[in-house]
Amino acid sequence: MASRSCANLLGLVSGELLDIPQTPRTLPRVMTVPGIISDLDGQESSDGDADPPLFCERKIIVANMLPLHAYRDSETAKWKFALDEDSLLLQLKDGLSPETEVIYVGSLKAEIDVSEQEEVAQKLLDDFNCVPTFLPPDLQKKFYYGFCKQYMWPLFHYMLPMCPDHGDRFDRSLWQAYVSANKIFADKVMEVINPEDDYVWVHDYHLMVLPTFLRKRFYRVKLGFFLHSPFPSSEIYRTLPVREEILRGLLNCDLVGFHTFDYARHFLSCCSRMLGLDYESKRGHIGLDYFGRTVYIKILPVGIHMGRLESVLNQPCTSAKVREIQEQFHGKKMILGVDDMDIFKGISLKLLALEHMLQQKPEFKGKVVLVQIINPARSSGKDVQEAKRETYLIAERINEVYGSANYEPVILIDRPVARFEKSAYYAVAECCLVNAVRDGMNLVPYKYIVCRQGTHLLDEAMGIKEDTLHTSTLVVSEFIGCSPSLSGAIRVNPWDIDAVAEALNSALTMSHHEKELRHEKHYRYVSSHDVAYWARSFVQDLERACKSHYNNRCWGFGLGLGFRVVSLSPSFRKLGVDHIASAYKRTSRRVIFLDYDGTVVPQASINKSPNAEVISVLNALCIDPKNTVFIVSGRGKSSLGEWLAPCEMLGIAAEHGYFIRWSNASGWESSTVASDLDWKEIVEPIMRSYTEATDGSSIEIKESALVWHHQDADPDFGSWQAMELVNHLENVLANEPAVVKRGQHIVEVKPQGVSKGFVVEKVLSEIANGGQPPDFLMCIGDDRSDEDMFESLSKPVTNPSQLFNPEIFACTVGQKPSKARYYLDDTCEVVKLLRGLAAASIPKPRHNLHVQVSFESAV
C-alpha cells in the first residue's frame with residue numbers, strides 16, 4: 001500500500017499537486033542543427049541510439065535568484081534591470097571560455113504583475129540572457145520563506161525543531177510548494193535547453209529536487225549541482241521526512257559539489273545508510289554507482305572575484321574612508337567582524353570572548369576595539385530578533401564596564417554598509433574574527449586577506465611604503481566552510497569562550513614576521529583559487545563526468561520523485577522466452593548453470609528452500625536428455641542437498657564449487673585444487689575478535705571457507721571494520737593458499753582456485769572431453785560471485801580434436817552493470833523463463849547418460 005507521502009508525490013510530475021498557473025511560453029524554440037528547429041515542448045525522453053548532433057558550447061545556470069537588480073523607472077513606470085556585479089552567478093562566467101554562452105534561469109527579487117510577465121520575460125532574455133521563473137506570490141511565500149528558510153536552512157545548519165520555539169515542524173503543504181516551485185524552474189530550463197549539447201548547473205538547497213524533473217524529461221541531460229550550504233551529518237539529515245526524495249534528486253545529477261570534505265562525507269554517509277549505496281575513489285575522483293550511472297562528487301570551496309574587489313580598493317572613496325578610519329582608531333588595534341544578523345553567525349559569542357579577554361588582559365583596555373558590521377537580516381523571525389537583542393545587551397554591558405568617555409570597546413554598525421566602506425574596514429583591521437557556529441562557506445576571511453594585501457593606490461593612502469610586506473591575522477571558527485583552506489589561521493571552537501579569547505590575544509600579540517608569513521601563505525591561496533578557478537574546475541569535472549553519456553542505453557523507471565535512470569551497455573537487453581526458445585529448440589547438447597539465492601529463490605525470502613514450482617521446473621529441465629543442469633551456490637552442501645533432494649538428476653556445486661556432485665546418485669566430491677585448509681585455524685580467531693568488537697556482525701563457518709557478515713551492523717562502522725579485517729587477513733595469509741574477498745556486507749576467506757567460474761570451466765571441459773561438446777550454454781545469477789561464471793562462459797571451450805562455439809546466454813538478475821549480455825528483473829521472471837524452456841523440452845526418460853565430473857585432472 002502506497003504511503004501518504006508517496007501518494008502525494010505521484011501527481012507531482014503532472015503538475016496536479018498545486019493549482020499553479022502555466023507560466024508564459026514566449027521563448028524561441030531551440031536550433032539544434034543548422035536549418036533544423038526542434039520543438040522541445042513536444043519532445044519525449046527516449047534511449048535512442050542516434051549520435052548526438054553538432055556541439056554548441058552553452059551553459060545553463062539555475063539558481064533561486066537571477067543575478068539582476070530590478071526597479072521601476074520613476075518617469076515611465078516601466079521595469080528596469082541591471083546586472084548584480086556582486087552575484088556569484090555572474091562572476092563565475094570568468095571561469096568559462098569566452099565562446100561559452102551562459103543562460104540564467106531563476107526568480108527576480110521583485111514581484112512582477114501577471115500582465116507584465118510576458119514583456120519582462122522577453123526583455124530579460126534579449127538583454128541579459130536571463131529566463132525568469134514567475135512564481136505566484138502564495139507559492140513563493142510557501143516555497144522560499146516557508147520550506148527553504150524555516151525548515152531546510154535551519155536543519156542544514158544543525159537546528160532541529162525540538163519544540164515550537166525552536167524552528168518550525170515539518171509541514172507537508174510547504175514541501176508540496178517546494179516541489180511545485182522546483183517543477184516550475186525545471187519547466188523553464190526545458191524551454192531553452194538543447195539536451196544533447198547544453199550543460200546545466202544547478203545551485204543550492206532551494207532546488208534539490210529539480211534534477212529529478214530534468215532527468216525524467218531528458219535521460220542524458222548533462223547536469224551538475226553545487227550546494228553552497230553545509231550538508232548535515234546523517235544523524236541530523238535522517239530526521240527529514242522526505243530524506244530519500246532529496247537524496248535521489250541529487251543522485252539524478254552527474255556531478256554534485258560541496259565546499260568541504262566534511263559536507264561530502266555526510267552526503268555519502270546518508271546515501272550509504274538510507275539508500276544502501278557504496279562509493280569509491282576512481283582515479284582520484286569520488287564516485288557513487290547509481291543504477292549504472294556514476295555520480296561524481298566534487299570537493300572545492302568557492303573563491304572570490306579578485307578583479308572586482310581590487311577595483312573597489314582603487315576607488316578614491318575607499319582611500320578617503322581608509323584615512324578616516326585610521327584617524328578614528330589611531331593608536332588602537334581594530335578587530336573586525338562582518339556578519340549577517342542570524343543565530344548561526346555567533347555574534348554574541350564573539351562579544352563574550354572579547355569581554356573575557358578584556359577581563360583577563362586589562363592592558364588591552366583603551367587599546368583594542370571590536371568593530372562589528374551587521375549585514376541586514378535575510379529574515380525577520382523571532383530567533384533573529386532574539387539574537388539582535390542579545391547582541392545589543394552584551395555590547396552595552398561591555399562598553400559600560402570597560403569603556404570610557406572617549407573609548408568604546410565595541411562598535412556596532414547596524415546599517416547597510418557600502419562596498420567601498422566595508423573594504424576600507426577590511427584594509428585597516430589588525431585582525432578579522434569569524435566566529436560562526438555553522439556556516440556553509442563564508443568569504444569574509446578571503447575578502448579580508450585581499451584587502452590587507454591592498455593595491456598601489458591604497459598603500460599610498462594608508463602610508464605604506466612600496467616594498468613593505470603586508471600582514472593579516474585571522475581567527476576563524478572551525479565550523480565554517482573556508483576554515484580547512486586557511487591553514488595559517490587560528491582556528492577556534494566558537495562555543496569555547498576562553499579559547500576564543502586566548503586566540504584573540506595570540507592574534508594581537510603575534511610577531512610582525514609571523515603575521516607576514518601567515519598573510520603571504522593565505523594570499524597565495526586566495527589569489528590562485530578565485531571564483532574563476534572554482535567555476536572552471538567544476539565545469540571541467542562536469543564535462544568529464546558526462547563523457548560516457550552516449551556510450552550506454554538508458555531506461556527510466558520509478559514514480560514521482562523516486563524516478564531514476566538506469567544506464568547500461570548497448571548490447572545489454574532483457575532476455576525473453578521467445579528470443580532464447582529458438583536457439584534452445586535447435587540445439588542438442590545444452591548446459592544450464594543457475595545461481596540459488598536471488599536467482600531461483602528470492603534474496604529476501606525467510607524460507608530459503610525452493611517452492612514446489614521451482615522443483616517442478618528444475619525436474620522438467622533435468623529429465624530432458626539434451627540438458628545438463630547445475631545449481632552453483634556459495635551455500636553449504638548439506639543445505640543444498642536437503643532442499644534440492646527431489647531433483648534427482650540435478651547437478652549441484654556447493655561452496656562456490658569446492659564440493660560438487662552430478663546427481664543424487666553420485667556422491668559429493670571435494671576439489672583437490674585446494675585441499676590444504678589449515679589456514680582456517682589462523683582466520684577464525686581473527687574473525688571472532690572482529691565479531692566481538694562489532695555489534696551486529698557474525699561468522700558463518702563452511703567446510704571450505706569462513707565468512708564474516710556485517711549486514712546487521714552500523715553501516716559505517718561495519719564497512720570500516722570490514723576494510724580493516726581485509727587488510728589484517730591479507731597480511732597474515734600472505735603465504736597461505738587462501739584468498740580474501742570482500743563482497744556486499746561480507747568478508748570471505750576461501751581456498752585459492754575455487755570460484756564459480758572454475759566450476760563452469762571444469763564442467764564444460766569434462767563434457768567436451770566426453771565427446772559431446774555443448775552447443776547451448778545458459779547461465780543466470782544475481783551477485784558479484786556470478787560474474788565469474790559469466791566471464792568463464794565467454795572463454796572458448798576446446799577439446800583435443802575440435803573448437804566449438806555454442807550459443808551463449810549469460811543473464812544477470814536485475815538491471816545493473818554486469819559482464820552478462822542479458823538481464824531479467826527478478827526471480828519470478830527467472831522461473832517464468834525456465835518454465836518456458838521446460839515446456840519446449842522433450843520429456844524422454846534419461847538412460848544412463850552420466851558424466852562424472854572429477855577434479856583429479858586439475859592437479
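The structure displayed is predicted, hence computed values, not measured ones.

Novice: Can you walk me through the overall build of the chain in this structure?
Specialist: Scanning the chain for helices and strands turns up 27 helices and 36 strands. When burial is assessed residue by residue, the chain has 55% of its 859 residues classed as buried. For the chain, the exposed area adds up to about 37,000 Å²; of that, 49% sits on carbon and sulfur atoms.

Novice: Got a minute to help me understand unusual backbone geometry in this structure?
Specialist: Glycine aside, the phi torsion of most residues is negative, and most peptide linkages are trans. For Phe291, which is not glycine, the phi torsion reads 55° and is therefore positive. Along the chain, Phe291 falls in the loop between β12 (285–290) and β13 (293–299).

Novice: Explain the side chain of Gln372 to me, please; I cannot follow it from the model alone.
Specialist: Mapped onto the elements, Gln372 comes out in strand β15 (residues 368–375). By relative accessible area, which is 0% here, Gln372 ends up buried. At 3.0 Å, the side chain of Gln372 and the side chain of Asp339 are in polar contact. Residues within four places of Gln372 in sequence aside, it is in contact with Gly337, Val338, Asp339, Ile347, Lys350, Ile411, Leu412 and Ile413.

Novice: What should I look at first to understand the pairing of strand β4 (residues 68–72) in this one?
Specialist: On a regular strand, one side chain projects to one face of the sheet and the next to the other, so that they alternate. Note: β4 against strand β5 (residues 79–83), five bridges, orientation antiparallel. Pairing of Tyr71 across the sheet is with Lys80, part of β5. Connecting the antiparallel pair β4 and β5 is a turn made up of six residues, with Ala77 showing a positive phi of about 65°.

Novice: Is there a simple way to think about the sheet that holds strand β3 (residues 58–65) in this case?
Specialist: As a general point, the strands of a sheet are linked pairwise by backbone hydrogen bonds and lie either parallel or antiparallel. The strand order β7-β6-β3-β8-β9-β10-β13-β12-β11 describes an open sheet built from nine strands, whose pairing is mixed. Here the strands that pair on one side only, and so sit at the sheet edges, are β7 (130–132) and β11 (279–282). Between one strand axis and the next, the sheet turns through 25° on average, direction left out of account. Direction of pairing for β11 relative to β12: antiparallel, over a ladder of four bridges. Across the sheet, residue Lys282 finds its bridge partner in β12, namely His285. Contacting β3, β8 (199–203), β9 (222–226) and β13, helix α6 (residues 210–217) crosses the sheet at an angle of about 175° to β9.

Novice: What's the story with the packing of helix α15 (residues 444–453) against helix α18 (residues 512–528) in this structure? I'm lost.
Specialist: Think of two packed helices as two axes; the pair is described by the angle between the axes and how far apart they sit. Running from N to C, α15 and α18 cross one another at 110°; their axes reach a closest spacing of 10 Å. Compared by their axis directions, α15 and α18 come out roughly perpendicular. At the point where α15 passes α18, the crossing takes the left-handed sense. Taken together, the residues of α18 that come into contact with α15 (itself represented by Tyr446, Ile449, Val450, Arg452 and Gln453) are His519, His522, Tyr523, Tyr525 and Val526. In terms of residue class, the contact of α15 with α18 is built from six nonpolar, three polar and one charged.

Novice: Would you take a moment to explain the packing of aromatic side chains for this structure?
Specialist: A ring pair, where both rings are aromatic, is described by two values, the distance of the centres and the angle of the planes. For the coordinates displayed, the defined rule picks out 31 aromatic pairs. Geometrically, the ring pair formed by Tyr144 and Tyr145 is edge-to-face, given 4.9 Å between the ring centres and 85° between the ring planes. A connected cluster of aromatic rings, assembled from ring pairs, spans Phe143, Phe147, Tyr151, Phe170, Trp175, Tyr178 and Phe185. Sitting over the face of the ring of Tyr584, Arg590 holds its NZ or CZ atom 3.8 Å from the ring centroid. Cation over ring: Lys637 sits above Phe659, and NZ or CZ is 4.4 Å from the ring centre.

Novice: Is there a simple way to think about the sheet that holds strand β23 (residues 590–594) in this case?
Specialist: Overall, mixed pairing links the nine strands, which are arranged β22-β36-β35-β32-β23-β24-β25-β26-β27 in an open sheet. Lying at the two open borders of the sheet, with one neighbouring strand each, are β22 (573–574) and β27 (669–670). In the packing of helix α25 (residues 756–769) onto the sheet, the strands contacted are β23, β24 (627–632), β25 (651–654), β26 (659–661) and β32 (776–781), and the crossing angle to β23 comes to about 165°.

Novice: Even after reading the chapter, I still don't get α18, so can you show me in this structure?
Specialist: An α-helical turn contains 3.6 residues, so any two residues separated by three or four positions project in the same direction. The end-to-end C-alpha distance of α18 is 24 Å, a good match for the 24 Å that 17 residues give at a rise of 1.5 Å each. Burial in α18 covers these residues: Lys515, Glu516, His519, His522 and Val526. When α18 is viewed along its axis, its buried side chains cluster within an angular range of 145° and face the same direction. Close packing links the buried residues of α18 with α10 (306–313), α15, β18 (474–477) and α17 (497–509).

Novice: Just to check I follow, could you spell out the confidence of the model for the chain for this structure?
Specialist: Detailed reading of predicted coordinates is not advised where the pLDDT is low. Mean pLDDT for the chain: 86, with 89% of residues reaching 70 or above. Segment residues 1–50 is flagged for pLDDT under 50; beyond a separation of four residues in sequence, or across chains, it makes 100 contacts in the model. In this model, residues 847–859 is a region of pLDDT below 50 whose contacts with residues beyond four sequence positions or in other chains number 33 contacts.

Novice: Sorry, what's going on with the environment of Ala620 here?
Specialist: If you trace the backbone, Ala620 turns up in helix α21 (residues 612–622). Residue Ala620 is classed as partly exposed on the basis of its relative accessible area, which comes to 24%. Along the chain, Ala620 and Ala838 lie 218 residues apart, while their C-alpha atoms are 5.5 Å from each other. Ignoring anything within four residues of it in the chain, the contact list for Ala620 reads Ala838 and Ser841.

Novice: In this structure, what is going on with the side chain of Ser472? I would like to understand it.
Specialist: Structurally, Ser472 can be placed in the loop between α16 (456–462) and β18. A polar side-chain atom of Ser472 sits 2.8 Å from a polar atom in the side chain of His519. Non-local contacts of Ser472, meaning those with residues more than four positions away in its chain, are made with Tyr448, Ile449, Arg452, Lys515 and His519.

Novice: In this structure, what is going on with the packing of helix α12 (residues 347–360) against α17? I would like to understand it.
Specialist: Where α12 meets α17, the closest approach of the two axes is 8 Å, and the angle between their N-to-C directions is 65°. Taken together, the axes of α12 and α17 are roughly perpendicular relative to one another. Between α12 and α17 lies a crossing of right-handed hand. Of the residues in α17, those touching α12 at Leu349, Leu352, Ala353, Leu354, His356 and Met357 are Ile497, Asp498, Val500, Ala501, Leu504, Asn505 and Leu508. When grouped by side-chain class, the residues that make up the contact of α12 with α17 number ten nonpolar, two polar and one charged.

Criteria and cut-off values
- Residues numbered from 1 in each chain as written.
- Predicted model: local features only at pLDDT ≥ 70, side-chain atom pairs only at ≥ 80, totals over all residues.
- Heavy atoms only, no water.
- Helix = DSSP H or I, 4+ residues; strand = E, 2+ residues; numbered from the N terminus.
- Buried < 20%, exposed > 50% of the residue type's maximum accessible area, 1.4 Å probe, protein only.
- Areas by Shrake-Rupley, 256 points an atom, 1.4 Å probe, with all protein chains shown as cover.
- Polar contact = N/O pair within 3.5 Å; in protein donor to acceptor, adjacent residues only side chain to side chain.
- Contact = heavy atoms within 4.5 Å.
- Pairing = 2+ DSSP bridges.
- Axes fitted to C-alpha atoms, helices over the stretch in contact; angles between N-to-C directions.
- Parallel < 35°, antiparallel > 145°, perpendicular 65-115°, else oblique.
- Left-handed = near helix turned anticlockwise from the far one by under 90°.
- Nonpolar A, V, L, I, M, F, W, Y, C, P; charged D, E, K, R; others polar.
- Phe/Tyr/Trp six-rings, centres within 6.5 Å; stacked < 30°, edge-to-face > 60°.
- Lys NZ or Arg CZ within 6 Å of the ring centre and 35° of its normal.
- Expected span 1.5 Å × (residues − 1).
- Arc of directions from axis to C-beta.
- pLDDT = per-residue confidence, 0-100.

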